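A closer look at the structure
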Amino acid sequence: MHKAGLVAVIGKPNVGKSTLVNAVVGQKVSIVSDKVQTTRRRVLGIDTHEEYQIVFVDTPGVHKPKHKLGSALNESARGSLHDIDVALVVVDVSKMPSAEDERVAQMLKSAGIIGPGSKHTTPVIICMNKMDKLDADRVEIHWNTYKKLFETETTVMTSFTKGQNMDILVGLVVGALPENPPFFSEDEYTDQSSRFLVSEIVREKVLHKLKHEVPHAIATYVDAWEDEGKLIHIAVDILVERDGQKAIVIGKKGAMLKAIGTEARTEIEEMLDRKVFLELFVKVREDWRQSPRWLKELEYLE
Ligand SMILES: Nc1nc2c(ncn2[C@@H]2O[C@H](COP(=O)(O)OP(=O)(O)OP(=O)(O)O)[C@@H](O)[C@H]2O)c(=O)[nH]1
Ligand SMILES: [Mg+2]
């Protein structure tokens, strides 16, 4: 008997959804940062074994949107709930549910997965992550409140940074999968192109190096990709919304951009297993987060 299915990984921003997918798949399919709204579109992460294949759908964090980009992110998360076999809700168990967790519950209700009219045919698993930050005297109350909010008894407490209870989590997911042949071949671990992964690695380095509002105003895309035999020449554009942000990304005498480029190139070379010449260009596109044309161009809007 072989099991396989689509598992939507859903939750508010910054709870560890992408960390989870990368850890189980064993490859970096989705970038991670300590800023909210790191993931900006649906990304598949495929974990293949002899007896089962988990096809994770990593999704953008559900939140209260402030601009068109935010609405597009929420829509992308909502869209991931169609035709799934399992809903894997990730929460930050060190805190009580917030209004954003309630938004997630609302989305599951609109999709008919939980709620009064639901037949509860799609299994819901709660991954209560960040248990390393949970106070012992808060365990009971947090655990019960999340179970009630998402209407399920199937839960696991995890810490991905400490690698705790990952095996239990995978066991629960596999247990909930239907019988199916594998959907993807053994060597496939994501549906994302190398171009997209490269642009995301650059964005991740920007997220890691910059503080406050600047990272949220940034988008990246590959503008040119030439295989020159000895090396691959890749040009990545970094979009910002204002001249001031451009100056911050470039840094004093170009030091920031250089550091971003060096870190990104090392990781890109590892991923592609090739030598890479990486060029970064910072461009101002005013209010691109409010522009449907740019959101489409960047493939954040479907
Ligand atoms: N303390 C602690 N931090 C964690 C744990 N798991 C993930 N993190 C951190 O939480 C932050 C957010 O992780 P992500 O995986 O990017 O979160 P996400 O849910 O994908 O966020 P969005 O894409 O913005 O929705 C990162 O800094 C992770 O290192 C955990 O178990 N404990
Ligand atoms: Mg993410």
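What comes next concerns the included structure. (Residues numbered from 1 in each chain as written. Chains lettered and ligands numbered in written order. Predicted model: local features only at pLDDT ≥ 70, side-chain atom pairs only at ≥ 80, totals over all residues.)

1. Things to note about the nonpolar core
Counting residues in each nonpolar core, the largest one holds 80 residues, and the members touching the most others are Val7, Val9, Leu88, Val89 and Cys127. When residues of this core are assigned to domains, at least three map to each of domain 1 (3-176) and domain 2 (194-297). Dropping the residues within four chain positions of it, Val7 is found in contact with Ile54, Val55, Phe56, Val57, Ile84, Asp85, Val86, Leu88 and Val173. (Core = buried A, V, L, I, M, F, W, Y, C linked by C-beta atoms within 7 Å. Buried ≥ 20, exposed ≤ 12 C-beta atoms within 10 Å, placed from the backbone. Domains from an automatic or database assignment. Contact = placed C-beta atoms within 7 Å.)

2. A closer look at the site of ligand 1
Every one of the 24 residues lining ligand 1 counts as a neighbour, but Gly16, Ser18, Thr19, Thr39 and Gly61 are closest to it. Sorting elements by how many residues they give to the shell around ligand 1 places helix H1 (residues 17-25) first, with three residues. (Near = placed C-beta within 6 Å. Helix = DSSP H or I, 4+ residues; strand = E, 2+ residues; numbered from the N terminus.)

3. Details of the sheet that holds strand E2 (residues 43-48)
Strand order in the open sheet formed by six strands is E2-E3-E1-E4-E5-E6, and the pairing between neighbours is mixed. Pairing within the sheet leaves two strands with one partner each, and these edge strands are E2 and strand E6 (155-157). Taken over all neighbouring pairs, the strand axes of this sheet differ in orientation by 20° on average, direction set aside. Relative to strand E3 (residues 52-58), E2 runs antiparallel, the two sharing six bridges. Within E3, the position partnered with Ile46 by the bridge is Val55. Seen against the sheet, helix H4 (residues 139-149) touches strand E4 (86-92), strand E5 (124-129) and E6 and runs at an angle of roughly 150° to E5. Across the sheet, helix H5 (residues 166-176) is in contact with strand E1 (3-10), E3, E4, E5 and E6; its angle to E5 comes to roughly 170°. (Pairing = 2+ DSSP bridges. Axes fitted to C-alpha atoms, helices over the stretch in contact; angles between N-to-C directions.)

Shape is all these values report; function is a separate question.
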